[in-house]
Amino acid sequence: MSGTENYDALCLVSFGGPEGPDDVIPFLRNVTAGRDVPDDRLAVVAEQYEQFGGRSPINEQNRALIDALRVEFDANGLDLPIYFGNRNWEPYLADTVREMAEDGVRRALVLVTSAFSSYSGCRQYREDLARAAAEVGDDAPELDKLRLYYNHPGFVDAVVDRIGEVHRPGARLVFTAHSIPRSMSQWCEYEPQLHEIAGLVADRVGAEWDLAYQSRSGPPQVPWLEPDINDHLTALSEQGVTDVTLVPLGFVSDHMEVAYDLDLQASKTAADVGIDLRRAPTVGTHPAFVTGLRRLVQEKVSNGEVLWVGDAGPWPDPCPEGHCLSPAGTPTGRPAPT
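Residues numbered from 1 in each chain as written. Predicted model: local features only at pLDDT ≥ 70, side-chain atom pairs only at ≥ 80, totals over all residues. Heavy atoms only, no water.

(A) Here's a closer look at the packing of aromatic side chains. Under the definition given, this model contains 10 aromatic pairs. Summarising the aromatic geometry, the rings of Phe15 and Phe27 are spaced 6.3 Å apart at their centres and angled 75° between planes, so their arrangement reads as edge-to-face. Taken as a pair, Phe15 in the loop between strand 1 (9-14) and helix 1 (24-31) and Phe27 in helix 1 lie far apart in primary sequence, 12 residues in all. Across this residue pair, the class does not change: Phe15 and Phe27 are buried. Look at Phe27 and Trp89: their rings are 6.5 Å apart centre to centre, the planes differ by 85°, and that puts the pair in the edge-to-face class. (Phe/Tyr/Trp six-rings, centres within 6.5 Å; stacked < 30°, edge-to-face > 60°. Helix = DSSP H or I, 4+ residues; strand = E, 2+ residues; numbered from the N terminus. Buried < 20%, exposed > 50% of the residue type's maximum accessible area, 1.4 Å probe, protein only.)

In structure tokens, the structure reads:
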């Protein structure tokens, strides 16, 4: 098709997750590789999976997104095959890059399932791509990561609509995102991006709002972004708030962290402190999100319109040099469920 001659494919890249009980410990070993996390600590995390049948829904959700993108591409004349690779579980990214090379793909766009700027959500994926290409060798295709889409109207419209599925007038909006170490947040725009989009969404919904964090890990002496969602719900209750709409803004699918940290832990906290809590779905395969991703691809393949909302403008393409660094010795995350 006209306009796609510079790219041969799109590759969706994600975190990965176990698809059965026997996968859980090997998966967690992959996630924590190089960090000397003992198996007894991994066993504690593995217990979280046992409450959900010993598997994560993330791969299934990503395949659903690929199916939705395929329909969207076909309906709009976008003739690109879509591949799928993971950081920590099958299909492994290096295997996918090798498959693309064998299929004759020479240049591919890469869509990662992380909308916001951080080391683990941006730079680490670029490191993964470089490592996978090096493993494949000279035949590996060129891999161009798409820009961050946290302020793309397709993402924001989908968040607003998802809130509308559960929100009641007068309820407090509480947005959540994965906490990261403060020493890491200073190297990226993670906090400002979350605050800006939360404010834009809340204005459209017409509700008061807060931003809290979830999934904190690491030694207690290392400062991470706060407040924790459970602490925040307790504080809201003490202020007399009784109705909350919980919005997992920092995630694009209802994977295990959303299910465990919010649907189990945060829901229990809310019940304990007398808050009526409703959790909005993530954007998932919402039509506005899928259309937004297609338009993001068309920016690159056919000089499509560059779209954004808010004041920051579109994220630079490529990412700025030296951005989203992970300082030496800074934990990059826990062996978290996904």
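(B) Seen up close, unusual backbone geometry. Following Glu90, the chain continues into Pro91 via a peptide bond in cis, with omega recorded as -5°. Secondary-structure assignment places Pro91 in the loop between strand 2 (82-86) and helix 4 (93-102). Put simply, Asp317 and Pro318 share a cis peptide bond, and its omega is 5°. Take Pro318: it is sitting in the segment after helix 11 (287-301). Phi at Ser215 takes a positive value of approximately 70°, unusual for a residue other than glycine. Residue Ser215 is classed as buried on the basis of its relative accessible area of 6%.

(C) Quick look at helix 8 (residues 190-205). Between the first and last C-alpha of helix 8 there are 22 Å, a value that for 16 residues agrees with the 22 Å anticipated at 1.5 Å per step. Taken together, the buried positions of helix 8 are occupied by Tyr190, Gln193, Leu194, Glu196, Ile197, Ala198, Gly199, Val201 and Ala202. In the core, the buried residues of helix 8 are packed alongside helix 6 (153-164), strand 5 (172-178) and strand 6 (209-214). Looking at the residues trailing helix 8, positive phi occurs at Gly206, about 80°. (Expected span 1.5 Å × (residues − 1). Contact = heavy atoms within 4.5 Å.)

(D) Spotlight on the sheet that holds strand 4 (residues 142-145). Strand order in the open sheet made by the 4 strands is 2-1-3-4, with parallel pairing throughout. Both outer strands of the open sheet, strand 2 and strand 4, are each paired with one neighbouring strand and no more. Across the sheet, the axes of successive neighbouring strands diverge by a mean angle of 30°, strand direction being ignored. Of the pairings in the sheet, the one linking strand 1 to strand 2 comprises 5 bridges and is parallel in character. Following the sheet pairing, Leu10 is matched in strand 2 by Ile82. (Pairing = 2+ DSSP bridges. Axes fitted to C-alpha atoms, helices over the stretch in contact; angles between N-to-C directions.)

(E) Broad picture of the pairing of strand 6. Most of strand 6 is tucked away: 5 of the 6 residues are buried. In this sheet, strand 6 lies alongside strand 5 in parallel orientation, the contact comprising 6 bridges. Along strand 6, the bridge assignment pairs Val174 with Asp210.

(F) Local environment of the packing of helix 3 (residues 58-75) against helix 11. Across the interface, helix 3 lies against helix 11 with an axial gap of 10 Å and an inter-helix angle of 65°. Crossing hand, helix 3 versus helix 11: right-handed. Between helix 3 and helix 11, the residues in contact are Leu65, Ala68, Leu69, Glu72 and Phe73 and Phe289, Val290, Thr291, Leu293, Arg294 and Val297, respectively. Broken down by class, the residue content of the contact of helix 3 with helix 11 amounts to 8 nonpolar, 1 polar and 2 charged. (Left-handed = near helix turned anticlockwise from the far one by under 90°. Nonpolar A, V, L, I, M, F, W, Y, C, P; charged D, E, K, R; others polar.)

(G) The arrangement of the sheet that holds strand 6 in detail. If you trace the 4 strands from one edge of the open sheet to the other, you get 6-5-7-8, paired in parallel fashion. The open sheet is flanked by strand 6 and strand 8 (276-279), the only strands paired with a single partner. Ignoring strand direction, the axes of neighbouring strands in this sheet form an average angle of 30°. For strand 7 (residues 243-247) and strand 8, the ladder comprises 4 bridges, and the chain directions are parallel. Looking across to strand 8, one finds that Leu246 is bridged to Arg279. Lying on the sheet, helix 10 (residues 256-273) is in contact with strand 5, strand 6, strand 7 and strand 8; it crosses strand 8 at an angle near 170°.

(H) Layout of the environment of Asp276. Tracing the backbone shows Asp276 in strand 8. Residues Asp276 and Thr245 lie 31 residues apart in sequence; the distance between their C-alpha atoms is 8.6 Å. Excluding anything up to four places from it in sequence, Asp276 contacts Arg168, Thr242, Asp243 and Val244. Within the local environment of Asp276, its side chain forms a polar contact with the side chain of Arg168, the two groups lying 3.0 Å apart. (Polar contact = N/O pair within 3.5 Å; in protein donor to acceptor, adjacent residues only side chain to side chain.)

(I) Main features of the packing of helix 6 against helix 8. The geometry of helix 6 relative to helix 8 is characterised by a closest axis approach of 10 Å and an angle of 50° between their N-to-C directions. It follows from the interaxial angle that helix 6 and helix 8 lie oblique. For the pair helix 6 and helix 8, the crossing hand works out as right-handed. Every residue of helix 8 that contacts helix 6 at Val156, Asp157, Val159, Val160 and Ile163 is listed here: Ile197, Val201, Arg204 and Val205. Of the residues assigned to the contact of helix 6 with helix 8, the class counts are 7 nonpolar, no polar and 2 charged. (Parallel < 35°, antiparallel > 145°, perpendicular 65-115°, else oblique.)

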